[in-house]
Amino acid sequence: MTTFADITGRLEKLAIEVPSWAYGNSGTRFKVFGSPGTPRTVKEKIADAAAVHRFTGLAPSVALHIPWDLVDDYAALATYAGDHGVRLGTVNSNTFQDDDYKLGSLTNADPAVRRKAVQHNLDCIEVMNATGSRDLKIWLADGTNYPGQADIRTRQDWLAEGLAEIYAQLSDDQRLVLEYKFFEPAFYHTDVPDWGTSYVHCAALGDRAVVCLDTGHHAPGTNIEFIVAQLVRLGKLGSFDFNSRFYADDDLIVGAADPFQLFRIMVEVIRGGAYDGPTPAALMLDQCHNIEKKIPGQLRSVLNVQEMVARALLLDVDALAQAQQAGDVLAANQIYMDAFYTDVRRDLAGFREERGLPADPMAAYLASGYQEQIEADRVGGTQAGWN
Ligand code: PSV
Ligand code: MN
Ligand code: MN
């Protein structure tokens, strides 16, 4: 049997990247609600992300989104982040907000628009070079709304060409991470709709092209842990965008809709060596907090991930393998469920205290005065952009 004491060394390795856009105001197409204390600058977003790390020890890096996080000097921004105890992580390119991209970006029939989209990604690589970031994450809103609207096959060729040009500009220690999404904003077809399409492009590009799995980007009922197992097996699971969804791409707090799914996903990540093996998958959040306060929303999110990672690490893999080998269906399932049902909350509180962190980071944050301070100091926050 595996006990909590057995897993603390592995639990210490947990690092979750938070998105800069989680700290800005966001909403739906119906309404973006403003919230007091919302960051007005990129630096303020980073300061808030640093607060999440300070209270949890779980979030040492912040992802940027370009051009939402436009600054003149990215090296200086990296220094600022370092001074606040975090570093700049994944750079997310954005080719979905200009009018030019109405009919697609890397897959647009107009070569000038495709060039512009490639160039934007090359500019993002320049940002990465200045920040020391490893990953360029590409999510495309490209797709069509009507059968016959575009040549869906040729668009794959244009996509491959554009990605190859971007990939060629990466340094040896940088990666291209290609995210898929089964629909939205396009409703008939999407150019990178599923893990298979992302995998096909990444495989053609080379070793440093890997798939990003956003947990919100699947049809209801999809067995996401199977996709995880397959991508890890193929050495192509580059990163996660964690969030929860009930219907569409809601970007709700990870672990809120289905903690058991998060547990199952983490079991496969750990099983495949993508948690603390030689090539771990990057664990990122991709969330917005439309109605709840941003920093507590992020605190809850990273703590939810920590809780499910702990439970997944507790899985008695030897006993499970024996039961599986013996074909003992119910014993195998019970071993699996025992890990999931283990209440680790007290152990985690002790684990934090032993490391100089608050036992209850949510309560400690609320008592800290940080929220009141930013609400008093900041007036007129920026909009994060939708996601
Ligand atoms: C849109 O669905 C999206 O949420 C993608 O998941 C990206 O990762 C994110 O926006 C930021 O571009
Ligand atoms: Mn995402
Ligand atoms: Mn999304």
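Not measured: the values here are computed from a predicted model.

**Q** Residue-level account of the nonpolar core, with values.
**A** Core analysis: the largest hydrophobic core is formed by 102 residues, its most contacted members being L176, V211 and V228. Top contributing element to this core by residue count: helix α9 (residues 294-313), with 10 residues. Beyond its immediate chain neighbours, meaning those up to four positions away, L176 contacts L136, I138, L163, I166, Y167, L170, L205, R208 and A209.

**Q** Which residues make up helix α8 (residues 259-271), and what are the values?
**A** Relative to the 18 Å expected for 13 residues at 1.5 Å per residue, α8 spans 18 Å between its end C-alpha atoms, a close match to the ideal helical length. Restricting attention to buried positions, one finds in α8 the residues L262, F263, R264, I265, M266, V267, E268 and V269. Check the buried side of α8 and you find it contacts α7 (224-233), α9 and α11 (329-341).

**Q** Just give me the short version of α9, but keep the residues and values in it.
**A** When the terminal C-alpha atoms of α9 are compared, their 29 Å separation across 20 residues agrees well with the 28 Å that a helix rising 1.5 Å per residue should span. In terms of residue burial, α9 counts as a mostly covered element, since 16 of its 20 residues are buried.

**Q** Quick one: what's the story with the pairing of strand β10 (residues 282-285), residue by residue and with numbers?
**A** Burial of β10 is two-sided: the residues A282 and M284 facing one way and the residues L283 and L285 facing the other way are all buried. Bridge count for strand β1 (residues 16-19) against β10 is 2 bridges, and the pairing is parallel. Among the inter-strand pairings, E17 is bridged to a residue of β10, identified as M284. In this view, the connection linking strand β9 (residues 237-242) to its parallel neighbour β10 by way of α8 has right-handed handedness.

**Q** Help me get a handle on the environment of P36, residues and values and all.
**A** Tracing the backbone through its elements, the reader meets P36 in the loop between β1 and α2 (42-56). Sequence spacing of P36 and G381 is 345 residues, and the spatial spacing of their C-alpha atoms is 7.9 Å.

**Q** I'd love a proper account of the packing of helix α4 (residues 111-131) against helix α5 (residues 152-168), names of residues and values included.
**A** Remark: α4 packs on α5, axes separated minimally by 9 Å, with the N-to-C direction vectors making an angle of 30°. Relative to α5, the element α4 lies roughly parallel. Crossing geometry of α4 relative to α5 is assigned as right-handed. Listed contacts from α5 to R114, A117, V118, N121 and L122 of α4 are W158, G162, E165 and I166. In terms of residue class, the contact of α4 with α5 is built from 5 nonpolar, 2 polar and 2 charged.

**Q** Can you tell me about the sheet that holds β10, naming the residues and giving the values?
**A** Strand order around the closed barrel formed by 8 strands is β1-β2-β3-β4-β6-β8-β9-β10, with parallel pairing between neighbours. Each strand of the sheet is rotated relative to its neighbour by a mean of 30°, with strand direction disregarded. Sheet topology places strand β2 (residues 61-66) next to strand β3 (residues 87-93); 5 bridges connect them, and they run parallel. Each residue of the ladder has a partner; that of S61, found in β3, is R87. Set on the sheet, α7 makes contact with β8 (209-214) and β9; between it and β8 the angle comes to about 170°.

**Q** Could you give an account of the packing of helix α3 (residues 74-83) against α4, with specific residues and numbers?
**A** Taken N-terminus to C-terminus, the directions of α3 and α4 make an angle of 45°; their axes are 7 Å apart at the nearest point. One finds that α3 runs oblique with respect to α4. Like other packed secondary-structure pairs, α3 and α4 cross with a definite hand, here right-handed. On the side of α3, the interface is formed by Y74, A75, L77 and A78, while α4 contributes V127, A130 and T131. Partitioned by chemical class, the residues of the contact of α3 with α4 number 6 nonpolar, 1 polar and no charged.

**Q** Requested: an account of the environment of E292, with residues and values cited.
**A** Positionally, E292 belongs in the loop between β10 and α9. Spatially, the C-alpha atoms of E292 and F187 are 29 Å apart, while their sequence positions differ by 105 residues.

**Q** Break down the pairing of β2 for me, with residues and values.
**A** The buried fraction of β2 is high, at 6 of 6 residues. Burial along β2 is two-sided: the residues S61, A63 and H65 and V62, L64 and I66 are all buried. Here β1 runs beside β2; their pairing, made up of 3 bridges, is parallel. Bridge pairing links V18 to V62 in β2. Regarding topology, α3 serves as the crossover connection from β2 to the parallel β3, and that connection is right-handed.

**Q** Go over unusual backbone geometry with me, naming the residues and quoting the values.
**A** Residue P67 follows I66 across a cis peptide bond; omega there is 15°. Inspection of the secondary structure assignment puts P67 in the loop between β2 and α3. P185 follows E184 through a cis peptide bond whose omega is 10°. Relative to the helices and strands, P185 is located in the loop between β6 (175-179) and β7 (189-190). Unusually for a residue other than glycine, E184 sits at a positive phi of about 80°. Locating E184 in the fold gives a position in the loop between β6 and β7. The exposed category is assigned to E184, around which 12 C-beta atoms lie within 10 Å. If you check the backbone angles, D251 has positive phi at about 55° while not being a glycine. In this structure D251 comes out as buried when scored by C-beta crowding, with 25 C-beta atoms within 10 Å.

The rules behind each value
Residues numbered from 1 in each chain as written. Chains lettered and ligands numbered in written order. Predicted model: local features only at pLDDT ≥ 70, side-chain atom pairs only at ≥ 80, totals over all residues. Core = buried A, V, L, I, M, F, W, Y, C linked by C-beta atoms within 7 Å. Buried ≥ 20, exposed ≤ 12 C-beta atoms within 10 Å, placed from the backbone. Helix = DSSP H or I, 4+ residues; strand = E, 2+ residues; numbered from the N terminus. Contact = placed C-beta atoms within 7 Å. Expected span 1.5 Å × (residues − 1). Pairing = 2+ DSSP bridges. Right-handed = clockwise from strand over helix to strand, strands pointing away. Axes fitted to C-alpha atoms, helices over the stretch in contact; angles between N-to-C directions. Parallel < 35°, antiparallel > 145°, perpendicular 65-115°, else oblique. Left-handed = near helix turned anticlockwise from the far one by under 90°. Nonpolar A, V, L, I, M, F, W, Y, C, P; charged D, E, K, R; others polar.

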